[in-house]
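Remarks on the overall topology
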Amino acid sequence: MSAPVARHPGELRWETRLLTVVTATMVVFGIANTYGALSLQTGSGDGAGFALRQLVGALFGLLGLSVVSRIDYHLWRRFAWPFLLFTIVVLLIPILPGTEGIAPRINGARRWVDLGPVNFQPSEVARLAVIIWCAALAAKKGVQVREFKKGVLPFLVGIGAVALLILGQPNLSMAVLVTLLGLIVVFSAGAKIGHFILLGLGGLLLVFEKIQGAQYRVARLTTFLNPGEATDAAGMQIHQSLVGIGSGRVLGVGFGEGQQKLFLPYAYSDFIFSTIGEEWGFLGVLLVVILFGLFLWLGMRIARSAPDPFGQFLAVGITAMIGITAVMHMAVSLAMMPTTGLTLPFMSYGRSSLIISLVATGILINIGRMRGRITRESSAE
């Protein structure tokens with residue numbers, strides 16, 4: 001027997017439809033800019049080849065979005081713990097000795113797991129796993145989340161375990177992001193602001209200690225705080241990024257015609273926003289901001305009207321995952337924060353990030369579709 005339908009305005013459907021359109025637009029725009037960012041490159045691969053690989057990732061991701069958007073999101077609550085444990089296992093692979101064959105060191109870090117035809121970045125999976133686990137645990141604890149010992153502390157153990165494994169790769173920016181996303185879910189569940197102030201201070205001390213322990217992180221921080229005093233190697237990325245964005249003016253220099261990408265490492269991933277600014281100009285930058293703004297607005301509308309606490313917390317976490325990652329990427333490109341290496345969701349080259357972002361969006365769409373339907377899970381809350 002199908003679930004009874006409550007009285008909700010039929011226009012709620014437009015939110016999930018518009019969310020799908022916005023997401024698809026960003027994916028298509030991202031594939032085009034992956035090609036554009038590499039069209040003049042020599043030695044970094046063929047632009048068409050990169051775009052084709054990104055297209056393959058997009059097809060898998062859109063397939064995942066289509067399937068997940070039709071599966072009751074309460075299923076994720078049941079598998080929250082297994083998903084988290086699976087994530088911890090795959091995060092262990094790159095840091096265990098003797099695993100170099102399937103987790104090679106690239107640019108001084110081991111962040112990838114290569115299992116033949118399957119090549120993925122475990123930390124990308126961790127973003128979604130932590131959000132689902134925190135949402136499930138928060139829904140279970142209810143008002144207990146306002147306590148520290150019974151409420152916040154269990155979250156810190158789980159989030160901390162995942163963050164420490166990501167730090168071991170090493171990947172400080174992703175560890176900070178995963179921790180932040182988990183805490184946002186806990187905060188949305190009603191945790192006290194005082195707990196987060198104390199945790200924030202402790203987190204800042206830990207981050208500062210990790211920065212001091214790596215010279216390249218110190219150089220990035222120095223570049224951000226004192227651009228004129230930074231070394232050429234440390235300041236080159238930010239300088240070229242700003243020059244590229246400034247060169248675009250209003251209409252841009254033209255698709256594929258940008259020159260700063262020749263001097264900017266990873267112009268197709270870590271600094272795709274700069275490439276967009278140069279080739280599409282202010283109008284292109286404005287389009288990107290509007291698209292992400294629409295995504296955040298729609299995501300929060302879905303979260304606010306979700307049928308149960310788990311759906312609300314999960315929608316908040318997924319929306320934050322896309323929004324915060326996008327803001328951090330743009331901030332780095334505009335020299336508003338130290339270089340992190342985070343990709344721009346849906347647009348930067350990177351199939352792991354793209355697929356996870358699309359699957360997460362599929363879950364968000366399903367939450368939106370379930371509004372108005374009375375389920376056993378929601379009625380049991």
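For the structure given in this document, a descriptive report is provided here. Just so we're clear, the structure is a prediction, and the values are computed from it rather than from any experiment.

What counts, and at which threshold
Residues numbered from 1 in each chain as written. Predicted model: local features only at pLDDT ≥ 70, side-chain atom pairs only at ≥ 80, totals over all residues. Heavy atoms only, no water. Helix = DSSP H or I, 4+ residues; strand = E, 2+ residues; numbered from the N terminus. Buried < 20%, exposed > 50% of the residue type's maximum accessible area, 1.4 Å probe, protein only. Contact = heavy atoms within 4.5 Å. Areas by Shrake-Rupley, 256 points an atom, 1.4 Å probe, with all protein chains shown as cover. Core = buried A, V, L, I, M, F, W, Y, C linked by side-chain atoms within 4.5 Å. Expected span 1.5 Å × (residues − 1). Salt bridge = Lys/Arg side-chain N within 4 Å of Asp/Glu carboxyl O. Axes fitted to C-alpha atoms, helices over the stretch in contact; angles between N-to-C directions. Parallel < 35°, antiparallel > 145°, perpendicular 65-115°, else oblique. Left-handed = near helix turned anticlockwise from the far one by under 90°. Nonpolar A, V, L, I, M, F, W, Y, C, P; charged D, E, K, R; others polar. Patch = residues over 30% accessible without salt bridge, like charges linked within 9 Å, V, L, I, M, F, W, Y side chains within 5 Å. Phe/Tyr/Trp six-rings, centres within 6.5 Å; stacked < 30°, edge-to-face > 60°. Lys NZ or Arg CZ within 6 Å of the ring centre and 35° of its normal. Polar contact = N/O pair within 3.5 Å; in protein donor to acceptor, adjacent residues only side chain to side chain.

1. Considering the overall build of the protein
- Secondary structure assignment for the protein yields 14 helices and 2 strands.
- For the protein, the residues scored as buried account for 50% of the 381 residues in total.
- Sequence-distant contacts in the protein: of pairs separated by 6 or more residues, those separated by 24 or more amount to 74%.
- Roughly 17600 Å² of accessible area belongs to the protein as shown, and the carbon and sulfur atoms make up 67% of that amount.

2. A look at the nonpolar core
- Formed by 99 residues in total, the largest nonpolar core has its most connected members in Phe292 and Leu314.
- Per-element tally for this core: the top contributor is helix 5 (residues 122–141), with 14 residues.
- Here Phe292 is in contact with Met26, Ile322, Ala326, Met330, Leu344, Pro345, Phe346 and Met347, once residues within four sequence places are set aside.
- In this structure, Leu264, Ala267, Phe271 and Val332 belong to the second largest nonpolar core, which totals 5 residues.

3. Here's the deal with helix 7 (residues 172–188)
- With 17 residues, helix 7 should reach 24 Å at 1.5 Å per residue; the first-to-last C-alpha distance of 24 Å fits that figure.
- Of the residues flanking the end of helix 7, it is Gly190, one or two places downstream, whose phi is positive at about 115°.

4. With respect to unusual backbone geometry
- Between Gln169 and Pro170 the backbone carries a cis peptide bond, its omega angle lying at -5°.
- Tracing the chain through its elements places Pro170 in the loop between helix 6 (148–167) and helix 7.
- Positive phi is not limited to glycine here, since Arg249 has a value of about 50°.
- Position of Arg249 relative to the elements: it lies in the loop between helix 10 (232–247) and helix 11 (272–304).
- Residue classification places Arg249 among the exposed residues on the basis of a relative accessible area of 70%.
- Look at Phe346: it is not a glycine, yet its phi comes out positive at around 75°.
- Locating Phe346 in the fold gives a position in the loop between helix 12 (309–333) and helix 13 (351–370).

5. Re the pattern of salt bridges
- Tallied over the entire structure, the rule returns 3 salt bridges.
- Salt-bridge contacts for Arg371 lead to Glu15; the nearest nitrogen and oxygen are separated by 2.5 Å. You can see Arg371 sitting in the loop between helix 13 and helix 14 (376–379) and its partner Glu15 sitting in helix 1 (residues 13–38), a full 356 residues away along the chain. Both residues of the pair, Arg371 and Glu15, belong to the buried class.
- Across the pair Glu124 and Arg127 runs a salt bridge, and its minimum N-O distance is 2.8 Å. Of the two residues, Glu124 and Arg127 are both situated in helix 5; the distance of 3 residues between them amounts to about one turn of the helix.
- Looking at Arg127, the relative accessible area reads 2%, which means it is buried.
- If you follow the salt bridges from partner to partner, you end up with Glu15, Arg301 and Arg371 in one network.

6. A short note on the packing of helix 2 (residues 47–68) against helix 13
- Between helix 2 and helix 13, the least distance of the axes is 8 Å, while the angle of their chain directions is 20°. With respect to their mutual orientation, helix 2 and helix 13 come out roughly parallel. In the packing of helix 2 onto helix 13, the handedness of the crossing is right-handed. For the pair helix 2 and helix 13, contact is made by Arg53, Gln54, Gly57, Ala58, Phe60, Gly61, Leu62, Gly64, Leu65 and Val68 and by Arg351, Leu354, Ile355, Leu358, Val359, Thr361, Gly362, Ile363, Ile365 and Asn366, respectively.
- Class assignment for the residues of the contact of helix 2 with helix 13 results in 11 nonpolar, 7 polar and 2 charged.

7. Some remarks on a nonpolar patch on the surface
- A grouping of Phe187, Ile193, Ile197, Leu198, Leu201 and Leu204 is seen on the molecular surface, where their side chains present a nonpolar patch of about 640 Å² in accessible area.
- The dominant element in the nonpolar patch, judged by the number of residues it contributes, is helix 8 (residues 193–212), at 5 residues.
- Note that Leu204 resides in helix 8.

8. Overview of the packing of aromatic side chains
- With the rule as written, the count across this model stands at 13 aromatic pairs.
- Three or more aromatic residues joined by ring pairs make a cluster, and in this case those are Phe29, Tyr35, Phe255 and Trp280.
- In this structure, Arg53 packs its charged tip against the face of Phe50, placed 4.6 Å from the ring centre.

9. Looking at helix 6
- Helix length check: helix 6 (20 residues) gives 25 Å between terminal C-alpha atoms against 28 Å at 1.5 Å per residue, more than 12% under.
- Within the sequence span of helix 6, burial applies to Gly151, Val152, Phe155, Gly158, Ile159, Val162, Ala163, Leu165, Ile166 and Leu167.

10. A word on the environment of Arg146
- Looking at the element boundaries, Arg146 is found in the loop between helix 5 and helix 6.
- Residue classification places Arg146 among the partly exposed positions, given a relative accessible area of 43%.
- The contacts of Arg146, once residues within four sequence positions are left out, are Gly190, Ala191, Lys192 and His195.
- A distance of 3.1 Å separates the side chain of Arg146 from the backbone oxygen of Gly190, its partner in a polar contact.

11. Section: the side chain of Thr23
- Mapped onto the secondary structure, Thr23 falls in helix 1.
- The exposure class assigned to Thr23 is buried, which follows from its relative accessible area of 1%.
- A polar contact is formed between the side chain of Thr23 and the backbone oxygen of Leu19, at a distance of 2.8 Å.
- Once residues within four sequence positions are removed from consideration, Thr23 is found in contact with Leu65, Phe295, Phe346, Leu358 and Thr361.

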